[in-house]
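A look at the structure
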Amino acid sequence: MAAALANRHQKKLYFSNLDGLRAIAVMLVVVWHIEIHKVRFGFKQLFFNDTGFMGVSVFFVLSGFLITYILLTEAAAEGHVNFKAFYLRRILRIWPLYFFALLFGFFIYPGGMTFSTLLMCLLLMPNIALVTMHIHPFVQPIWSIGVEEQFYLFQPQFFRIRNRKRMLICIIAVMVLLDMIKEAGFMFPHNRLLGPLGNYLYFFRIDYLLIGSIGAVLLYNYKNGATPGIWLIKFLLTKYVQVIAWLLFAGHVFTPYLLHGLFANNLVFILAVTIIVLNLCMPQTSIVRLDNRLMRYIGKVSYGIYLLHNIALVSVLYMMHKYFANLDLLTTNLIIYGLTIPLAILLAGISYRYFESYFLRLKTKYSTVVKEGDDK
């Protein structure tokens, strides 16, 4: 009865193109892990380009954008943000698979993690454990989940500021402050305070999530006729800016050494991703469409792919190392990629249908704004 009552007031929100971008992001992570794990099993790398960093960065921008946009929509519909419901939604979406992957990696897949590391991860601080302790490669992807969970602690607090212009200024101020501290840590790495703080903030990445939040506020204002930032959004939605953003994105992925100087601090890449996100939310003007069936499905199960793909990868690499170690480079990589990616998608699909979907159904009971095809 309560669920039926809640559903009458739910507003649906879905940006189908963002599932496609999420699919690209998770494939960048999978490709990176394939390349770095091949070395552990005695296979040669095809390239050395940190596409994993890029994929995770896209996830951060997307998460900051979507969470903020959903909360803006909820605040407009209800007059306030229900903080208790927000945290229950996050728990039901994130925790079940997070703790499954963590405990599977600790108890089943041997990696030499200590109980101190396990405790840090159980307390949702895997990014801190990554900096200060040993997290074996199977479990490492959870570090970014810790970042997002820590972001969720304070991000909804911005909505206590009712004036959206002031809220936007506050978000920008926090982002700039964090970036200044991080840069100071890089400039003075041997300083006992700034050095460790800068290193921690590098793995904290809240600034990336906040850039996504800023984009959400600006786009929400634009779509609802509010004035703050409307001129900027109009400019960012032009075709010329879109072309530049996609070229910068592709350049970072495919020619990192050529454009190393341009992307030295990754800010240009993150800005390009934010512009791409904004335009993908406006299909009537976007020059790129990513909402085909395959991309939407991969995007929908991307959380499972992200946390579980190492199961598929390690299994394939173990088989290749034991039975097919002497194949030529091309055949070896065709088999590794040709098996790992479909297996990762299959595992994620099974997880989504038979495990995560149960918690997603519970999650909708606490949702004023429902994301169709909800995956995150």
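Attention here is on the structure that accompanies the text.

Criteria and thresholds
Residues numbered from 1 in each chain as written. Predicted model: local features only at pLDDT ≥ 70, side-chain atom pairs only at ≥ 80, totals over all residues. Heavy atoms only, no water. Axes fitted to C-alpha atoms, helices over the stretch in contact; angles between N-to-C directions. Helix = DSSP H or I, 4+ residues; strand = E, 2+ residues; numbered from the N terminus. Parallel < 35°, antiparallel > 145°, perpendicular 65-115°, else oblique. Left-handed = near helix turned anticlockwise from the far one by under 90°. Contact = heavy atoms within 4.5 Å. Phe/Tyr/Trp six-rings, centres within 6.5 Å; stacked < 30°, edge-to-face > 60°. Buried < 20%, exposed > 50% of the residue type's maximum accessible area, 1.4 Å probe, protein only. Lys NZ or Arg CZ within 6 Å of the ring centre and 35° of its normal. Salt bridge = Lys/Arg side-chain N within 4 Å of Asp/Glu carboxyl O.

We now examine the packing of helix α2 (residues 16-40) against helix α3 (residues 51-78). Contact geometry for α2 and α3: axes closest at 7 Å, N-to-C directions at 150 degrees. The orientation of α2 relative to α3 falls into the category roughly antiparallel. For the element pair α2 and α3, the recorded crossing hand is left-handed. Across from Leu18, Leu21, Arg22, Ala25, Val26, Leu28, Val29, Val31 and Trp32 in α2, the residues of α3 making contact are Thr51, Gly52, Met54, Gly55, Val56, Val58, Phe59, Leu62, Phe65 and Leu66.

Within the secondary structure, isoleucine 24 sits in helix α2. When the C-alpha atoms of isoleucine 24 and leucine 290 are compared, they prove to be 9.4 Å apart, with 266 residues separating the residues in sequence. Among all residues touching isoleucine 24, those that are not within four sequence positions of it are Phe249, Leu290 and Met295.

Moving on, we get to the packing of aromatic side chains. The final tally for this structure, using the stated rule, is 23 aromatic pairs. Geometrically, the ring pair formed by phenylalanine 106 and phenylalanine 107 is edge-to-face, given 4.8 Å between the ring centres and 80 degrees between the ring planes. By relative accessible area, phenylalanine 107 is classed as exposed at 55%. Centre to centre, the rings of tyrosine 358 and phenylalanine 359 are 5.2 Å apart; their planes meet at 80 degrees, and the pair counts as edge-to-face. Through successive ring pairs, a cluster of aromatic residues spans Phe86, Tyr87, Phe151, Tyr152, Phe154 and Phe158. One cation-aromatic arrangement involves arginine 90 over tyrosine 152; the distance from NZ or CZ to the ring centre is 5.3 Å.

Now for the pattern of salt bridges. As a working rule, side chains carrying opposite charge can pair if their charged atoms are close by. Scanning all chains against the criterion turns up seven salt bridges. Between glutamate 35 and lysine 38 there is a salt bridge whose closest N-O contact spans 3.1 Å. Of this pair, glutamate 35 and lysine 38 both sit in helix α2, separated by three residues, roughly a single helical turn. Each member of the pair glutamate 35 and lysine 38 is classed as buried. Of the charged contacts in the structure, one is a salt bridge between glutamate 356 and arginine 93, with a shortest N-O distance of 3.0 Å. Here the residue glutamate 356 occupies a position in helix α16 (residues 329-364), and arginine 93 occupies one in helix α4 (residues 83-107), the gap between them amounting to 263 residues. Here glutamate 356 matches arginine 93 in class, with each residue buried. A network of salt bridges, in which partner residues are shared, links Asp179, Lys182 and Asp207.

Phi at leucine 124 is positive, roughly 65 degrees, even though this residue is not glycine. Turning to its location among the elements, leucine 124 is positioned in the loop between α5 (115-122) and α6 (126-132). The class for leucine 124 is buried, based on a relative accessible area of 15%. Its identity is not glycine, yet arginine 205 carries a phi of approximately 55 degrees, on the positive side.

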